[in-house]
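Each chain is listed here by its residues.
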Amino acid sequence: MVRGNDELVDDFPEQFRSYSENEKHWQARRTFILRNVPPEDGAELSALRVDQLLSLSMVWANHLFLGCRYNKDLLDKVIEMAEGIEVEDAPHFTTRDEIMKKNQH
């Protein structure tokens, strides 16, 4: 699945792009996927590991672009995995708790 040849590695995520995913969202998620593919050790990436990586990439993208909230441990994990990935014009979401706190002052 993901082995050796840099071109194969770079093309690997293309098969996982969602039909409804716009270019900005896809490029960010693609970067997340490529960054978190295990270092080349000559072995193929297992189907289970691919599923986990794709799921984590969707959690990160949904949190970043749609403001979805998840379990703290899961969010901490994907935020750590995405460390250093820069996304221009990422939306900022305000939670209900933040709004309520702001209105109390």
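Residues numbered from 1 in each chain as written. Predicted model: local features only at pLDDT ≥ 70, side-chain atom pairs only at ≥ 80, totals over all residues. Heavy atoms only, no water.

Observations concerning the overall build of the protein
Of the regular secondary structure elements, the protein holds five helices and zero strands. In the protein, the succession of α and β elements from N to C terminus is α-α-α-α-α. A buried classification covers 27% of the 105 residues belonging to the protein. In the protein, once contacts between residues fewer than 6 apart in sequence are set aside, the share between residues at least 24 apart is 57%. (Helix = DSSP H or I, 4+ residues; strand = E, 2+ residues; numbered from the N terminus. Buried < 20%, exposed > 50% of the residue type's maximum accessible area, 1.4 Å probe, protein only. Contact = heavy atoms within 4.5 Å.)

Notes on the packing of helix α3 (residues 47-66) against helix α4 (residues 72-81)
Two numbers describe how α3 lies on α4: the axes approach to 10 Å, and their chain directions differ by 95 degrees. Taken together, the axis directions place α3 and α4 in an arrangement best described as roughly perpendicular. Note on element contacts: α4 touches α3 through Leu74, Leu75, Lys77, Val78, Ile79 and Met81, opposite Leu53, Leu56, Val59, Trp60 and His63. When grouped by side-chain class, the residues that make up the contact of α3 with α4 number nine nonpolar, one polar and one charged. (Axes fitted to C-alpha atoms, helices over the stretch in contact; angles between N-to-C directions. Parallel < 35°, antiparallel > 145°, perpendicular 65-115°, else oblique. Nonpolar A, V, L, I, M, F, W, Y, C, P; charged D, E, K, R; others polar.)

Observations regarding α4
Those residues of α4 that sit buried are Leu75, Val78 and Met81. The buried residues of α4 occupy one face: seen down the axis, they fall within an arc of 130 degrees. What points out from α4, more than 90 degrees from its buried face, is the exposed set Lys72, Asp73 and Glu80. Against α2 (23-36) and α3 lie the buried residues of α4. Put simply, Asn71 is the residue that caps the front of α4, since its side-chain oxygen is 2.7 Å from the backbone nitrogen of Asp73. (Arc of directions from axis to C-beta. Polar contact = N/O pair within 3.5 Å; in protein donor to acceptor, adjacent residues only side chain to side chain.)

What to know about the environment of Ile33
Inspection of the secondary structure puts Ile33 in helix α2. Along the primary structure Ile33 and Ser57 are separated by 24 residues, whereas in three dimensions their C-alpha atoms are 6.4 Å apart. Among all residues touching Ile33, those that are not within four sequence positions of it are Phe12, Pro13, Trp26, Leu53, Leu54 and Ser57.

Let's talk about the confidence of the model for the protein
In this model, the protein carries an average pLDDT of 83, and 84% of its residues clear a pLDDT of 70 or more. Across the protein, the element-wise mean pLDDT spans from 58 in helix α1 (residues 6-11) up to 96 in α4. Throughout residues 1-5 the model reports pLDDT below 50, and contacts reaching past four residues in sequence, or to other chains, amount to 16 contacts. (pLDDT = per-residue confidence, 0-100.)

Some remarks on the packing of aromatic side chains
For the structure on display, the rule yields one aromatic pair. Ring geometry for Phe32 against Trp60: centres 5.3 Å apart, planes inclined by 20 degrees, an arrangement best described as stacked. Residue Phe32 is found in helix α2, and its partner Trp60 is found in helix α3; the two are separated by 28 residues along the sequence. Note on accessibility: Phe32 and Trp60 belong to one class, buried. (Phe/Tyr/Trp six-rings, centres within 6.5 Å; stacked < 30°, edge-to-face > 60°.)

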